[in-house]
Amino acid sequence: MGNCIEIINVSFKYDECEEFVLKNINLTINEGDFVCVVGGNGSGKSTLSKLINGIYELKYGDIFVNSMSVRDASNILNIRKILSIVFQNPDNQIVSTLVLDDVVFGLENILNDREEIERRVYDALKKVNMIEYKDHNTNMLSGGQKQRVSIAGVLSMMPRYIIFDESTSMLDPNGKKEILSILKDLNEVYGITIILITHFIEECLLSNRVVVLSNGSIKYDGKPRDILYDEKFLEENNLDTTPSCKISNILKKHGIYKGNNIFNLEELEDLLCRLNLKM
Ligand SMILES: Nc1ncnc2c1ncn2[C@@H]1O[C@H](COP(=O)(O)OP(=O)(O)O)[C@@H](O)[C@H]1O
Ligand SMILES: [Mg+2]
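Residues numbered from 1 in each chain as written. Chains lettered and ligands numbered in written order. Predicted model: local features only at pLDDT ≥ 70, side-chain atom pairs only at ≥ 80, totals over all residues.

Asker: I tried to follow the overall build of the chain on my own but got confused; where do I start?
Answerer: Scanning the chain from terminus to terminus reveals 10 helices and 10 strands. For 279 residues, the compact-globule formula gives about 19 Å, and the C-alpha radius of gyration of the chain, at 20 Å, lands near that figure. In terms of overall dimensions, the chain has C-alpha extents of about 65 × 45 × 35 Å along its principal axes. Counting across all 279 residues of the chain, residues that qualify as buried make up 37%. (Helix = DSSP H or I, 4+ residues; strand = E, 2+ residues; numbered from the N terminus. Rg over C-alpha atoms; globule rule 2.2 N^0.38 Å. Buried ≥ 20, exposed ≤ 12 C-beta atoms within 10 Å, placed from the backbone.)

Asker: Would you take a moment to explain the site of ligand 1 for this structure?
Answerer: The environment of ligand 1 is made up of Tyr14, Cys17, Val21, Gly39, Asn41, Gly42, Ser43, Gly44, Lys45, Ser46 and Thr47. Grouping the amino acids of the shell around ligand 1 by side-chain chemistry returns three nonpolar, seven polar and one charged. (Near = placed C-beta within 6 Å. Nonpolar A, V, L, I, M, F, W, Y, C, P; charged D, E, K, R; others polar.)

Asker: Please explain the sheet that holds strand E6 (residues 83-86) as it appears in this structure.
Answerer: Either a parallel or an antiparallel arrangement is found when strands of a sheet pair, and the pairing is made through backbone hydrogen bonds. Read across the open sheet, the six strands follow the order E6-E7-E8-E3-E9-E10; overall the sheet is mixed. Each end of this open sheet is capped by a strand with a single partner; those strands are E6 and strand E10 (217-222). Pairs of neighbouring strands in the sheet enclose a mean axial angle of 15°, with direction left out of account. Of the strand pairs in this sheet, strand E9 (residues 209-214) and E10 are connected by five bridges, and their pairing is antiparallel. Looking across to E10, one finds that Leu213 is bridged to Ile218. Contacting strand E3 (34-38), E6, strand E7 (161-165), strand E8 (193-198) and E9, helix H1 (residues 45-52) runs over the sheet at an angle of about 155° to E7. Here helix H6 (residues 173-188) sits on the sheet and contacts E3, E7 and E8; the angle it forms with E8, its principal contact strand, is near 150°. (Pairing = 2+ DSSP bridges. Axes fitted to C-alpha atoms, helices over the stretch in contact; angles between N-to-C directions. Contact = placed C-beta atoms within 7 Å.)

Geometric values such as these leave the question of function open.
So, in structure tokens, the structure goes:
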């Protein structure tokens, strides 16, 4: 209990379906953590995040956010004040044509003080490096920029926890990099708890804790290094093998690399190139 998200024996099934899509999930995420939740399509990631902020009603088990149970309807508004979700498609999250208005929008519902609103909006836009775009039309922005504006909207509410549900999956590689580096800053500089939900196993390198969800159950909870290059494990849990996984296995086959150190993709490609080996 205390300042954490505590998920206790949570199971869930959709009303019209027989099968449980979450099965006895137990997970604690402390305030200040950066946790990756990774799983293939349909593994239950979005269902879990929607249970955490009370979009879906929990019937089996319990979830506490800073000691507030989601099963008590009177807690939901207070939970949403400290926990926000950024979804996949930025187009569905932008509501205004002007960047500034978009960030102001949600805040106007909870604050009257114009000065406080302005201070928070400017602060949020600065944190996502979008302040110079404040007077731009949201339709003209790239996917990555739109996603940064929706993150600013969330930040203006000053949450303690943010769940990013596949928030980079529709972005180009640059947009993805921008967002991931902002997430790292939000955690390290501002102490916001980040739960990064993804099906890209390599994004787990951002964190020292990864939770693997497969077919509604937790299959792994620990450091990324133990699973990142384990092709058998990745395959069994419907996760794509990654280029760096493939490269490191080639290096292992040639007896060049034996350990479990994590290299980034550029380092591995460079090594492969220098050794004149092919994938
Ligand atoms: N609204 C819904 N009604 C019925 N089944 C659903 C609904 N949403 C998701 N599911 C099913 O629940 C399982 C988990 O889905 P989801 O949580 O969206 O997984 P993920 O986000 O990991 O892709 C899947 O089998 C999916 O088909
Ligand atoms: Mg999903």
